[in-house]
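Geometric and topological summary
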Amino acid sequence: FALVSVGSEMCIRDRSTVVLQEVFTTLQQHASRYCMQLNLDKTCIMHMNTPVPQPIYYFTPLHPYTKTVKVVYATKYLGISVNENGTLKSHIGPKLVTARQSFNKLQRLWSHNDIETKFKLKIYKGIFPHIVLYAMHHDWHTVSTLHKLDAWHCKQLRRTMKVKTTYYDRTK
């Protein structure tokens, strides 16, 4: 089996339902040792490329194999939609919108003349690339999405540093 874990999100993959059930039960047993349990509302199973999927059960000591894990045909993992065929849906557009809205909320900071540009850049670099780049290593990147990302980054840097979009050098 393969286990991918980032922060509080976890993805367990295997072709065998028997192995998945064993891993799922073991995970629940280990969590219970530390008085922890899986969030039943957030836990789901998605069968990929399986002709006849078997149910996966929650482990409960009093009533084992009575409650099944919710089956879904598409889910979000690290902010990216994955469907039962294994295809991903890019989320660069909504991430850029969210980051731009957050950036705009700090407009008074960006336009303030008494705050040094160096300090503004520290704030920008500490917040906004992380919002946009979170889980990007799981996403598909086309030339178009990379251009969108570059354009967004350049525009926000220009606004932070108060550089006009058209620059004319009068010395030449």
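Owing to the predicted nature of the structure, the values given are computational and were not obtained by experimental measurement. (Residues numbered from 1 in each chain as written. Predicted model: local features only at pLDDT ≥ 70, side-chain atom pairs only at ≥ 80, totals over all residues. Heavy atoms only, no water.)

**Focus on the packing of helix H2 (residues 92-105) against helix H5 (residues 143-161)**
Relative orientation and spacing of two packed helices are given, respectively, by the angle between their axes and the distance between those axes. In plain terms, the rule: All axes here are fitted lines through C-alpha atoms, helices being fitted over the stretch that makes contact, and every angle between N-to-C directions spans 0 to 180 degrees. The helix count covers DSSP runs of H or I at least four residues long, the strand count covers runs of E at least two residues long, and both are numbered beginning at the N terminus. The cut-offs work like this: below 35 degrees is roughly parallel, past 145 is roughly antiparallel, 65 to 115 is roughly perpendicular, and the gaps in between are oblique. Contact definition: two residues touch when any of their heavy atoms are within 4.5 Å.
Here H2 crosses H5 at 5°, and the two axes come no closer than 11 Å. Relative to H5, the element H2 is oriented roughly parallel. Mapping the contact onto sequence places Ile92, Leu96, Ala99, Arg100, Phe103 and Asn104 in H2 and Thr145, Lys148, Leu149, Trp152, Gln156, Arg159 and Thr160 in H5.

**Topic: the confidence of the model for the protein**
Applied cut-off: You can read pLDDT as the predictor saying how much it trusts each residue, on a scale of 0 to 100.
The predicted model of the protein averages 80 in pLDDT, with 85% of residues at 70 or higher. No element of the protein has a lower mean pLDDT than strand S1 (residues 2-6), at 61, and none a higher one than helix H3 (residues 107-111), at 90.

**Concerning the packing of H2 against helix H4 (residues 117-133)**
Basically, it comes down to this: For a crossing to be left-handed, the near helix must be turned anticlockwise from the far one by less than a right angle; the clockwise case is right-handed. Amino acids outside the nonpolar list (Ala, Val, Leu, Ile, Met, Phe, Trp, Tyr, Cys, Pro) and the charged list (Asp, Glu, Lys, Arg) are all regarded as polar, and Gly is one of them.
Interaxial distance between H2 and H4 falls to 8 Å at its minimum, and their mutual angle equals 155°. As the angle between them shows, H2 and H4 are arranged roughly antiparallel. When you trace H2 past H4, the crossing you get is right-handed. Taking contact as the criterion, the partners of Ile92, Lys95, Leu96, Ala99, Ser102 and Phe103 in H2 are, on H4, Tyr124, Phe128, Ile131 and Val132. In terms of residue class, the contact of H2 with H4 is built from 8 nonpolar, 1 polar and 1 charged.

**Structural notes on unusual backbone geometry**
In this model, Cys35 sits at a positive phi of 60°, which is unusual for a non-glycine residue. One non-glycine residue with positive phi stands out, namely Lys162, at about 60°. Turning to its location among the elements, Lys162 is positioned in the segment after H5.

**Overview of the nonpolar core**
Generally speaking, nonpolar side chains in soluble globular proteins are found buried as a group. As a reminder, the rule being used: What we call a nonpolar core is a set of buried Ala, Val, Leu, Ile, Met, Phe, Trp, Tyr and Cys residues that are connected through their side-chain atoms within 4.5 Å. The cut-offs for exposure are 20% and 50% of the maximum accessible area for each residue type, with area from a 1.4 Å probe on protein chains only; residues under the lower value are buried, those over the upper are exposed, and the others partly exposed.
Residues Ile92, Leu96, Ala99, Phe103, Leu109, Trp110, Tyr124, Phe128, Val132, Met136, Leu149 and Trp152 constitute the largest nonpolar core, which totals 12 residues. Contributing elements (two or more residues each) for this core: H2, H3, H4 and H5. Tallying contributions element by element places H2 first for this core, with 4 residues. Among residues more than four places away in sequence, those in contact with Tyr124 are Phe103, Trp110, Pro129, Trp152, His153, Gln156, Leu157 and Thr160. Phe24, Ile45, Ile56 and Val69 belong to the second-largest nonpolar core, a separate cluster that totals 6 residues.

**A word on the pairing of strand S6 (residues 80-83)**
Along any regular strand the residues' side chains alternate between the sheet's two faces. Rule in force here: Strands pair, by our definition, only if DSSP identifies at least two bridges between them.
On S6, burial follows the alternation: Ile80 and Val82 on one face are buried, whereas Ser81 and Asn83 on the facing-out side are not. Bridging between strand S5 (residues 74-77) and S6 involves 4 bridges; their strand directions are antiparallel. Bridge pairing links Ala74 to Asn83 in S6.

**Notes on the packing of aromatic side chains**
Any aromatic ring pair is given by two values, namely how distant the centres are and how the planes are angled relative to each other. Selection criterion: Pairing of aromatic rings covers Phe, Tyr and the six-membered ring of Trp, with a centre-to-centre limit of 6.5 Å; geometry is then stacked below 30 degrees between planes, edge-to-face above 60, and tilted otherwise.
Using the criterion set out here, one finds 7 aromatic pairs in the structure. Geometrically, the ring pair formed by Phe24 and Tyr58 is tilted, given 5.9 Å between the ring centres and 50° between the ring planes. A residue pair is termed long-range when its members are at least 10 positions apart, and Phe24 in helix H1 (residues 17-33) and Tyr58 in the loop between strand S3 (44-45) and strand S4 (70-71) qualify at 34 residues. Accessibility assignment for this pair places Phe24 and Tyr58 in one class, buried. Pairwise contacts between aromatic rings join Phe103, Trp110, Tyr124, Phe128 and Trp152 into one cluster.

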